[in-house]
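The primary structure of each chain is shown beneath.
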Amino acid sequence: MNAAVATAVFGAFMVLTVVLGLLAVRGRGSGGGLAEWSVGGRSLGTVFIWVLMAGESYTSFSYLGAAGWGYRFGAPVLYVLAYMSCGYALGYVVGPMLWSYARRHQLVGITDMVAHRYRAPWLGAVVALLATVCLLPYIQLQITGMGVVVSTISYGAISLNWAYFIAFAVTTGFVVISGLRGSAWVSVLKDVLVIATLGFLAVYVPLHYFDGYGPFLHRIVAERPQWLTFPGHASGGLGPVWFVTTTVVNSLTVVIFPTTVAGYLGARNAEVLRRNALYLPFYNVLLFVPMLLGTAALFVVPGLVGAGSDLALFRMVVDSLPAWAVGLIGVAAALSSIVPMAVFMLVIGTMWGRSVLGARSGAGGGAAGEASGDGDGDGGRRTVGGRQKLWSQLVVVGAGALALALTYTAPDTLVRLSLISYEGMAQLVPMLLLGLVWRRLTLRAAVSGLVAGFALVCVLVFGGHDPVWGMNAGLVGLAVNVAVALGVTWLGPRDTDDRPDAEVLALDDEFPRDGAVAPGGAVGPTASS
């Protein structure tokens, strides 16, 4: 009976998820083109951008990994709060800059931006390949996370294999049809459930198991003090230096992460992003709950080891709550997998549909895309946009199917790649951010730095040297990346790009307040844009 009730609750909400995705694009027709599908027509307001970007950062890790890290290590898990908060502060500046640059040149992602900045369509394809290697493991991790949640809340009635397929089918179904806008609509449902369920658990678990926060915290201090200080319990050296360096490299990386940039580019105007940067840290307060409950599980369900510790929170939930409540909490966790998974798939599809397959089909080199068309005016632009959108949707299905297949057959393959995902993406920071504010950075220098930094990260991580000297390997790679890029810029030949600065750089005065006039006569965004 418990399995039937919890599964029925879960199934009803999965149907509602797909319906929301369909309603998101009702009345918009099928000819919206790539920009409408991939960045919501650049028309999302503050609320949708807030829930969408919060949804990207609040994944199944928040229910499984955060509680699991709290259970196994303790204090080191707080790095998540630190880097997200610092990343939001950087996003106050970086978000509007990237939004304006993309809007001016009709770009829809980081592959477009680097291809346009360095006037090298092939570079967009290279970045698409690199970003896919770093993003694909996240799809697999979300499929795995949702599968574990669904199997657990169904009391084992739904097997892991079927749960994996459900995660893939539901996410692919609504993202192919509704794109970023559908993800934003589903994020609203997810956030309501996340806030409600975590708020409830924050009160319920300490009262039910410990008679309140006082006895609970006293017990942690008395019996598990090593969980409260760095480097935590048996963490393998995740001390203060690792904490600081990881916060630095991850906060730099998160602002140029392809999924974050998709959120930036979906905004109606730059002011939406500035307000969003102010509001997003409030969402981080929720992350304290699974972290804290993970340590509570030390006393409630002791003895969990390895991957089993990721179920610390749900073991308490299933053991003490009625089936309908278990189903609701499971739905919140499942949607915390579906929303970011949808954005990961959408971004991979957009990068390949635009900068790889779109470029091969004559889409203006993949860098200008809908802006340049294929020589036939508005009709050409619509043709190019429609073709790129179709390619992107096909890649979404392919990327999801590949992640699903590897989840079944070779799960360790993508898990190994996930080790370099954030550190690897960090190596794009100089090419993108430094390149958009410093004209002297040449194509040769940017590529040389990227190769040197990424190669070093792979050597350190796969060689078992992360952290290295207590530092995050990604920051070491980033330092080498910048040093090589600067050295090649200063010692190598000068760039022969004859375009004006306004065409190459993201200038400070390039993103005026609503209604203002930008350099060159371009009109700033208005409320109706």
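Residues numbered from 1 in each chain as written. Predicted model: local features only at pLDDT ≥ 70, side-chain atom pairs only at ≥ 80, totals over all residues. Heavy atoms only, no water.

### Details of the confidence of the model for the protein chain
How we decide: Residue-level confidence of the predictor, termed pLDDT, takes values from 0 up to 100. A run of H or I in DSSP counts as a helix once it spans at least four residues, and a run of E counts as a strand once it spans at least two, with each numbered from the N terminus. We call two residues contacting when some pair of their heavy atoms lies within 4.5 Å.
The predicted model of the protein chain averages 85 in pLDDT, with 88% of residues at 70 or higher. Mean pLDDT across the elements of the protein chain ranges from a minimum in helix 18 (residues 411–418), with 70, to a maximum in helix 22 (residues 473–491), with 97. Low confidence marks residues 361–377, where pLDDT is under 50. Its contacts with residues over four positions away, or in another chain, come to 45 contacts. Note on residues 510–529: pLDDT is under 50 here. Beyond four places in sequence and across chains, it has 43 contacts.

### Some thoughts on the state of the cysteines
Applicable threshold: By convention in this document, the label disulfide applies to cysteine sulfur atom pairs within 2.5 Å. Buried means the residue's accessible area, taken with a 1.4 Å probe over protein chains only, is under 20% of the maximum for its type, while exposed means over 50%, and partly exposed covers the values in between.
Going through the model one piece at a time under the given rule, you end up with zero disulfides. Cysteine Cys134 remains unbridged, with the sulfur of Cys458 as its closest cysteine sulfur at 8.2 Å. On the basis of relative accessibility, which here comes to 0%, the residue Cys134 falls in the buried class.

### Considerations on the packing of aromatic side chains
Filter applied, for reference: Side-chain rings of Phe, Tyr and Trp, where Trp is taken by its six-membered ring, are said to pair if the distance between their centres is within 6.5 Å; with planes under 30 degrees apart they count as stacked, over 60 as edge-to-face, and otherwise as tilted.
Within the structure shown, the criterion is met by 20 aromatic pairs. Between Trp69 and Phe73 the ring centres are 5.2 Å apart and the planes differ by 90°, which places this aromatic pair in the edge-to-face class. Residues Trp69 and Phe73 agree in their burial class; the two are buried. Cluster of aromatic residues (ring-pair linked, three or more members): Trp69, Phe73, Tyr79, Tyr83, Tyr138, Trp242, Phe257, Phe344 and Tyr422.

### Brief notes about a nonpolar patch on the surface
The condition is simple: Exposure above 30% relative accessible area and no salt bridge define the residues that can form patches, which grow by joining like charges within 9 Å and nonpolar side chains of Val, Leu, Ile, Met, Phe, Trp and Tyr within 5 Å. To be clear on the numbers: accessible area is Shrake-Rupley with a 1.4 Å probe, and residue cover counts the displayed protein chains and nothing else. The rule for a salt bridge is simple: a side-chain nitrogen of Lys or Arg has to be within 4 Å of a carboxyl oxygen of Asp or Glu.
On the surface, Tyr92, Val93, Leu278, Tyr279 and Phe282 cluster together to form a nonpolar patch covering roughly 540 Å² of accessible area. Secondary structure elements with two or more residues in the nonpolar patch: helix 6 (79–105) and helix 13 (270–284). Top element by residues in the nonpolar patch is helix 13. It accounts for three residues. Structurally, the position occupied by Tyr279 is in helix 13. Judged by its relative accessible area of 38%, Tyr279 is partly exposed.

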